[in-house]
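Spelled out from the first residue to the last, the chains are:
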Amino acid sequence: KTQHQFQVYKRVSYADIGGLNHQLKLVQEAVEVPMKNSEFLNSCGLQPPRGILLFGPPGTGKTLIAKAVATETKAHFITINGPEIYSKFYGETEARLRNIFQEAIERAPTIIFIDEIDALCTRKDGASSSDQEKRVLATLLTLLDNLPTHGIRRVLLLAATNKPDALEPALRRPGRLDREIEIGIPTATERIEILTKLLLRVKHLLTDADIITLAEAAHGFTGADLAAVCCEGIESQIDVTHLHSSLSSLASQPSLAPTGSHGTTARHV
Ligand code: ATP
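The rules behind these values
- Residues numbered from 1 in each chain as written.
- Predicted model: local features only at pLDDT ≥ 70, side-chain atom pairs only at ≥ 80, totals over all residues.
- Heavy atoms only, no water.
- Salt bridge = Lys/Arg side-chain N within 4 Å of Asp/Glu carboxyl O.
- Helix = DSSP H or I, 4+ residues; strand = E, 2+ residues; numbered from the N terminus.
- Buried < 20%, exposed > 50% of the residue type's maximum accessible area, 1.4 Å probe, protein only.
- Axes fitted to C-alpha atoms, helices over the stretch in contact; angles between N-to-C directions.
- Parallel < 35°, antiparallel > 145°, perpendicular 65-115°, else oblique.
- Left-handed = near helix turned anticlockwise from the far one by under 90°.
- Contact = heavy atoms within 4.5 Å.
- Nonpolar A, V, L, I, M, F, W, Y, C, P; charged D, E, K, R; others polar.
- Near = heavy atom within 4 Å.
- Polar contact = N/O pair within 3.5 Å; in protein donor to acceptor, adjacent residues only side chain to side chain.
- Areas by Shrake-Rupley, 256 points an atom, 1.4 Å probe, with all protein chains shown as cover.
- Pairing = 2+ DSSP bridges.

K.L.:
How would you explain the pattern of salt bridges if you had to name every residue and give the values?
P.N.:
With the rule as written, the count across this model stands at seven salt bridges. In this structure, Glu29 and Lys25 form a salt bridge, with 3.7 Å as the shortest nitrogen-oxygen distance. Within this pair, Glu29 and its partner Lys25 are both found in helix α1 (residues 21-43), separated by four residues, close to a single helical turn. In this structure Glu29 comes out as partly exposed when scored by relative accessible area, which is 41%. A salt bridge links Arg135 to Glu94, with the shortest nitrogen-to-oxygen separation between them at 2.7 Å.

Here is the structure:
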């Protein structure tokens, strides 16, 4: 860890992630393959993406995917949290960004992960945006445009947001965040896969049939919602009655039901 606003994540592997098989395949294609074979792709005239945007409701596993990418690639990995890097002091946010991008170039190949990127790049079409917001956006766009995107010492941007529509469109132009991967609310089958992964970490008395019943009952729950339910049982051995009561108490909170504890909207069943 250095003075900058970043950290290397604790180890999470692809095997810890439930569901999201298609999305993980897309991430691997967009991040790992070009990192490992960039000379070959260039020689074929193929242009790997410069930046990838993971978007979707809170708690669906965007950060988890970034952690897994950090573990599974040998590239230098830098994390920036959009709201945390913001400073009220004149020019400091821009200076922090410049330092981080400088380090990314020096230590390349590098993946820069910007979580909650909307905090740095909200649409600037309203009169409401401050001078500071405009300066930070301009700095970030310039830094992105100047990244080395070819060859073995390339830098790739991975970003996550819950609010893709709030993002400044300039950021999503080709050559910047030019690949977008949706991380949605899990389906019933994906909920079974997520519960199965989560339950590997705790002692429990559940049968496969119990897990299927729970997953079906948890319509609209995200991975984070399911993790909250499972973690409640870590102290004691959890059984199906305990999990059922946790599920129903989560789902019965008026502001949350029936869409999950993150206020998300269920789109799949
Ligand atoms: P936010 O937008 O709020 O940052 P996020 O999409 O980045 O949310 P994560 O931080 O990745 O969500 O997920 C929170 C926690 O929920 C994870 O640490 C993990 O315990 C659990 N979780 C979420 N999705 C999954 C999944 N697909 N498989 C296993 N665990 C999951």
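Still more to cover.
K.L.:
Describe the packing of helix α4 (residues 92-106) against helix α5 (residues 131-145), with residues and values.
P.N.:
Closest axis-to-axis distance for the α4/α5 pair is 9 Å, and the angle between their directions is 15°. Looking at the two axes, α4 sits roughly parallel to α5. Relative to α5, the crossing made by α4 is right-handed. Between α4 and α5, the contacting residues are Thr93, Glu94, Leu97, Arg98 and Phe101 on the first element and Gln132, Arg135, Val136, Thr139, Leu140, Leu143 and Leu144 on the second. Among the residues forming the contact of α4 with α5, the class breakdown is six nonpolar, three polar and three charged.

K.L.:
How would you summarise the site of the ligand if you had to cite specific residues and measurements?
P.N.:
Contacts to the ligand come from 18 residues, most closely from Gly18, Gly59, Lys62, Thr63 and Asn162. Contact between the ligand and Gly61: an oxygen atom at 3.1 Å from a main-chain N or O atom of the residue. At a separation of 2.8 Å, an oxygen atom of the ligand approaches a polar side-chain atom of Lys62. Expressed as a share of its isolated accessible area of 630 Å², the protein-covered part of the ligand is 81%. Looking at the shell around the ligand, the elements with two or more residues in it are α2 (62-72), α6 (188-199) and α8 (223-231).

K.L.:
A description of the packing of α6 against helix α7 (residues 208-217) should follow, citing residues and the corresponding values.
P.N.:
Contact pair α6 / α7: the axes reach a minimum separation of 9 Å and the direction vectors enclose 125°. Accordingly, the angle class assigned to the pair α6 and α7 is oblique. Crossing of α6 over α7 shows right-handed handedness. Along the contact surface, α6 presents Ala188, Arg191, Ile192, Leu195, Thr196 and Leu199, while α7 presents Ile211, Ile212, Leu214, Ala215 and Glu216. A class-by-class count of the residues in the contact of α6 with α7 yields eight nonpolar, one polar and two charged.

K.L.:
Let's hear about the sheet that holds strand β1 (residues 51-55): which residues, and what values?
P.N.:
Sheet strands associate in pairs through backbone hydrogen bonding, adopting either a parallel or an antiparallel arrangement. Judged by pairing direction, the sheet is parallel, and its five strands sit side by side in the order β2-β3-β4-β1-β5 without closing on themselves. Of all the strands in the sheet, just β2 (76-81) and β5 (179-182) have a single pairing partner and so form its edges. Mean inter-strand twist for the sheet, computed between neighbouring axes without regard to direction, equals 20°. Across six bridges, the pairing between β2 and strand β3 (residues 110-115) is parallel. By the bridge assignment for β3, Ile80 is matched with Ile114.

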